[in-house]
Amino acid sequence: MNLALWIVAGLLAVVALTGGISKTFVAKEKLAGIPGGQWTGDFGAGFVKTLGVLELLAAIGLVLPALTGVAPVLVPVTAACWVVLMIGAMITHLRHDGASRFVALNLTYLALAAFLAWGRFGPAPFTA
């Protein structure tokens with residue numbers, strides 16, 4: 001169980017890092033031109049960059065607290081926050097693209113984050 005939770009945390013951290021870097025450092029206009037990024041045209045640049053920073057923080061929060069042993073409870077807390085973020089992402093993609101493949105992808109990330117939060121809050125918490 002511990003290994004599975006570490007793998008999920010690592011995968012989600014890579015997803016969050018990738019999304020965070022693109023939303024934070026790539027121009028909104030360029031993001032709007034790529035598949036799955038069209039929704040950025042409906043929002044201000046500040047909002048998109050804020051989402052990017054939140055995703056970068058999520059990437060850190062999914063692994064660093066456990067690696068350092070400093071406040072490891074932040075791992076499942078971050079996973080629970082990722083669930084909320086994915087709900088927002090699914091709603092945004094549904095409103096903008098209809099039933100797109102990105103909704104299914106976000107649902108997958110949501111399920112992985114829910115599993116991580118459940119696992120670290122429940123049967124396999126980090127212990128001192």
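Keep in mind the model is a prediction, meaning the values are calculated, not measured.

## Observations concerning the packing of aromatic side chains
Taken as a whole and assessed by the stated rule, the structure comprises four aromatic pairs. With a centroid separation of 6.0 Å and 35° between ring planes, the pair formed by Phe115 and Trp118 is classed as tilted. One end of the pair is Phe115 and the other is Trp118, both in helix 5 (residues 101–121) and three residues apart, which spans about a single turn. The partly exposed category is assigned to Phe115, whose relative accessible area is 28%. Chaining the aromatic ring pairs together yields one cluster made of Trp39, Phe43 and Phe47.

## A closer look at helix 1 (residues 2–25)
End to end, helix 1 covers 34 Å across 24 residues, agreeing with the expected 34 Å (1.5 Å per residue, within 8%). Every buried residue belonging to helix 1 is among Leu5, Val8, Ala9, Leu12, Ala13, Ala16, Gly19, Gly20, Lys23 and Thr24, and all of these are buried. Tucked inside the fold, the buried residues of helix 1 contact helix 2 (28–31), helix 3 (45–68), helix 4 (74–97) and helix 5.

## A few points about the confidence of the model for the protein chain
Taken residue by residue, the protein chain gives an average pLDDT of 94. The fraction at 70 or more is 99%. Predicted confidence in the protein chain is weakest over helix 2, with a mean pLDDT of 93, and strongest over helix 1, with 97.

## Remarks on the environment of Gly41
Within the element layout of this structure, Gly41 appears in the loop between helix 2 and helix 3. By relative accessible area, Gly41 is classed as partly exposed at 47%. Separated by 15 residues in sequence, Gly41 and Val26 have C-alpha atoms that sit 13 Å apart.

Rules used throughout
Residues numbered from 1 in each chain as written. Predicted model: local features only at pLDDT ≥ 70, side-chain atom pairs only at ≥ 80, totals over all residues. Heavy atoms only, no water. Phe/Tyr/Trp six-rings, centres within 6.5 Å; stacked < 30°, edge-to-face > 60°. Helix = DSSP H or I, 4+ residues; strand = E, 2+ residues; numbered from the N terminus. Buried < 20%, exposed > 50% of the residue type's maximum accessible area, 1.4 Å probe, protein only. Expected span 1.5 Å × (residues − 1). Contact = heavy atoms within 4.5 Å. pLDDT = per-residue confidence, 0-100.

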